[in-house]
Amino acid sequence: MLADLISWAPELFEGLRLTVGMTFGGMAIALVLGLLLALGRISPSAWLRAPVVVFVELIRGSPLLLQLFYLYYVLPAFGLKLTPIEAGLLGLGINYGAYLSEVFRAGIAAVSPGQREAAESLGMSGGQTMRFIILPQAWRIVIPPTGNYFVSLFKDTALVSTISIAELMFQGQLIASDTFRYMRIYSIIFVIYVVISIPASMGVRWLERHFNRSAAAR
Amino acid sequence: MRPIIEIQDLSKSYGPVQVLHDVSLTVTTGEVVVIIGASGSGKSTLIRCINGLERFGAGAILVDGFALTPSDAKGRRNMSQLKEIRREVGMVFQQFNLFPHKTVLENVMLAPVQVRKWQRDRAEATAMRLLDRVGLRDHVHKYPAQLSGGQQQRVAIARSLAMEPRVMLFDEPTSALDPEMVGEVLEVMRGLAREGMTMIIVTHEMGFAREVADRVVYIDHGRVLEEGPPAAIFDNPQQERTKAFLSRVLKH
């Protein structure tokens, strides 16, 4: 077992590196897109709101796997050829961005309306009110659910193995088809995922308690 | 004295319910106007129209020459005039509405720096002077939640004053306070009145109204029913409804 592990270590390490990279890269896109979609969804302009609502619902209503295939296999038909990494990052980012936009929207809505009134009565513009008053308070509210999506995204990166990104799952499949030692390699992959995701989940729960405490102290 | 606020035939409805009926009110520079009336009479709604926190359906509001006009059917309105008005008009809320994620000093400095574009040094000096004046110099680095209600409301007053407003609106500033903290807030307001600040105050503190008001306005079901000097309103009300309201609130 140990000998196998050592001989497979370079591939597994390379796979893990890509998995972590896809997680952080996908999350970065998801955070930016999620915030933009949330702001679009609460915009006073129906011309902005309507397409955002439609987009978010379409993304949330279809499988991530299908979205990845669309980006990688269908977009080239429209002249947009993405590398596997580009398609993977974009797919994960768009999918999680749609879910995060709902989290952010709820967080913004949870800030007391009196805060906006106070800021406006001081002459602050809508943008200043959002930036200095609403978002900093909404941020504390959305950190725990956002952390949960982060952990979830880490596990969902396994799906990008299907568009030939050689991340952890993909490396496991390669090793399995070379050696036929299914139980051994997939157990190792399993352990690698949970050794990362369980402490990460615990970290999110700690953050949640931490923010609840500091919110209660206010 | 020239008028700084002129409200003409203001009407407002929430759906089918009309909450203000052709309200007209003129306030001259330096005047302290106290608005009294039962809960739900429209007095808070009236002063919230002055700085555009509420939209209205008909009439006009002029603040120092800047005009607020009724919103159109889609709720759109003239934002450039509203922006000017908000720079000139400060407001103090029943629930204080301090920014909980910012310290006392940051609460007071934020708008002068972001809206008036003052240098931080100047904004900080002004903030410290105002916080000293409301008796909170020792608390400038605390967060709002670390202060009592009375202290929070005094910070809120300092925060409004930092914008150097020409008019201050007070929307039931002591209604959310424990009784022992009402006095410290009224004392700050008394000081402002003495210095000649133009103030419109919605309050249930009748003793305070009688003491500081130049004029008392009684609002009933969205209409100005009676107005005049405090002595006239409190000692010799002309309208039956005013008499009934005063006998209800003064009995306690």
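Residues numbered from 1 in each chain as written. Chains lettered and ligands numbered in written order. Predicted model: local features only at pLDDT ≥ 70, side-chain atom pairs only at ≥ 80, totals over all residues. Heavy atoms only, no water.

Visitor: Could you give me a rundown of the overall build of chain B, with the residues and numbers involved?
Guide: Across its full length, chain B carries nine helices and 10 strands. Taken against the 2.2 N^0.38 rule, which gives 18 Å for 252 residues, the C-alpha radius of gyration of chain B at 18 Å falls within 12% of a compact globule. In terms of overall dimensions, chain B has a C-alpha envelope of 50 × 45 × 35 Å along the principal axes. Within chain B, the fraction of its 252 residues that count as buried is 56%. (Helix = DSSP H or I, 4+ residues; strand = E, 2+ residues; numbered from the N terminus. Rg over C-alpha atoms; globule rule 2.2 N^0.38 Å. Buried < 20%, exposed > 50% of the residue type's maximum accessible area, 1.4 Å probe, protein only.)

Visitor: Talk me through the interface of chain A and chain B; I want residue IDs and the actual numbers.
Guide: In this assembly, 18 residues from chain A lie in contact with 23 residues from chain B. Between chain A and chain B lies a buried interface of about 1800 Å² when both sides are counted; carbon and sulfur atoms form 62% of it. Joining chain A to chain B, the criterion identifies two salt bridges. The residue R48 of chain B makes a salt bridge to E117 of chain A at a minimum N-O spacing of 2.8 Å. Taken together, chain A and chain B are joined by five residue pairs in polar contact (both at pLDDT 80 or more). Breaking the side of chain A that touches chain B down by element, the ones donating at least two residues are α5 (113-121) and α6 (126-156) of chain A. (Contact = heavy atoms within 4.5 Å. Buried area = accessible area lost by both parts, 1.4 Å probe. Salt bridge = Lys/Arg side-chain N within 4 Å of Asp/Glu carboxyl O. Polar contact = N/O pair within 3.5 Å; in protein donor to acceptor, adjacent residues only side chain to side chain.)

Visitor: Could you give an account of a nonpolar patch on the surface, naming the residues involved and the relevant values?
Guide: All names here are of chain A. Residues F190, V191, V195 and I196 make up a contiguous nonpolar surface patch of roughly 360 Å² in combined accessible area. Within the secondary structure layout, V195 lies in helix α8 (residues 182-216). The exposed category is assigned to V195, whose relative accessible area is 52%. (Patch = residues over 30% accessible without salt bridge, like charges linked within 9 Å, V, L, I, M, F, W, Y side chains within 5 Å. Areas by Shrake-Rupley, 256 points an atom, 1.4 Å probe, with all protein chains shown as cover.)

Visitor: An account of the sheet that holds strand β6 (residues 89-92) of chain B is needed here, citing residue identities and associated values.
Guide: Residue and element names in this part refer to chain B. Pairing within the open sheet is mixed, and its six strands lie in the order β6-β7-β8-β3-β9-β10. Edge positions in the sheet fall to β6 and β10 (223-228), since each of these pairs with one other strand and no more. Ignoring which end each strand starts from, the neighbouring axes of this sheet average 20 degrees apart. One ladder, built from five bridges, connects strand β7 (residues 167-171) with strand β8 (residues 198-202); its direction is parallel. Residue pairing across strands places L169 opposite I200, the latter belonging to β8. (Pairing = 2+ DSSP bridges. Axes fitted to C-alpha atoms, helices over the stretch in contact; angles between N-to-C directions.)

Visitor: Give a description of the pairing of strand β3 (residues 32-36) of chain B that names residues and reports values.
Guide: Residue and element names in this part refer to chain B. Burial analysis of β3 places five of its five residues in the buried class, which makes it a mostly covered element. Neither face of β3 is left uncovered, since the one carrying V32, V34 and I36 and the one carrying V33 and I35 both have all their residues buried. In this structure, β3 lies alongside β8, joined through four bridges in parallel fashion. Among the inter-strand pairings, V33 is bridged to a residue of β8, identified as I200. Sheet analysis places β3 next to strand β9 (residues 215-220), joined by four bridges and oriented parallel. Along β9, the bridge assignment pairs V33 with R215.

Visitor: Explain the sheet that holds strand β2 (residues 17-28) of chain B residue by residue, including any values.
Guide: Note on sheets: strands pair through backbone hydrogen bonds, and any given pair is parallel or antiparallel. Residues and elements named next belong to chain B. Strand order in the open sheet formed by four strands is β2-β1-β4-β5, and the pairing between neighbours is antiparallel. Each having just a single partner strand, β2 and β5 (66-68) make up the two edges of the open sheet. Averaged over all adjacent pairs, the angle separating strand axes in this sheet is 20 degrees, with direction ignored. Sheet analysis places strand β1 (residues 3-14) next to strand β4 (residues 58-63), joined by five bridges and oriented antiparallel. In the sheet register, S11 faces β4, and the bridge partner there is A58. Contacting β4 and β5, helix α2 (residues 79-88) runs over the sheet at an angle of about 115 degrees to β5.

Visitor: Go over helix α9 (residues 240-250) of chain B with me, naming the residues and quoting the values.
Guide: Residue and element names in this part refer to chain B. All of the buried residues along α9 are T242, F245 and L246. Buried residues in α9, looked at end-on, bunch into an arc of 95 degrees, giving them a common side. As for α9, its buried residues are in contact with β3, α7 (206-212), β9, β10 and α8 (230-235). (Arc of directions from axis to C-beta.)

Visitor: An account of the packing of aromatic side chains is requested, with residue identities and associated values reported.
Guide: With the rule as written, the count across this model stands at eight aromatic pairs over all chains. Aromatic side chains F69 of chain A and Y73 of chain A sit 5.4 Å apart centroid to centroid with 80 degrees between the ring planes, which places their arrangement in the edge-to-face category. One end of the pair is F69 of chain A and the other is Y73 of chain A, both in helix α3 (residues 64-74) and four residues apart, which spans about a single turn. Between Y99 of chain A and Y149 of chain A, the aromatic rings sit 6.0 Å apart at their centres with planes inclined by 35 degrees, giving tilted as the arrangement. Residue Y99 of chain A is found in helix α4 (residues 84-110), and its partner Y149 of chain A is found in helix α6; the two are separated by 50 residues along the sequence. Take Y149 of chain A: its relative accessible area is 26%, and that puts it in the partly exposed class. Pairwise contacts between aromatic rings join F69, Y72 and Y73 of chain A into one cluster. The lysine or arginine in question, R122 of chain B, covers the ring of W118 of chain B, its NZ or CZ lying 3.8 Å from the ring centre. Lying across the ring of F99 of chain B, R159 of chain B places its NZ or CZ 4.5 Å from the centre. (Phe/Tyr/Trp six-rings, centres within 6.5 Å; stacked < 30°, edge-to-face > 60°. Lys NZ or Arg CZ within 6 Å of the ring centre and 35° of its normal.)

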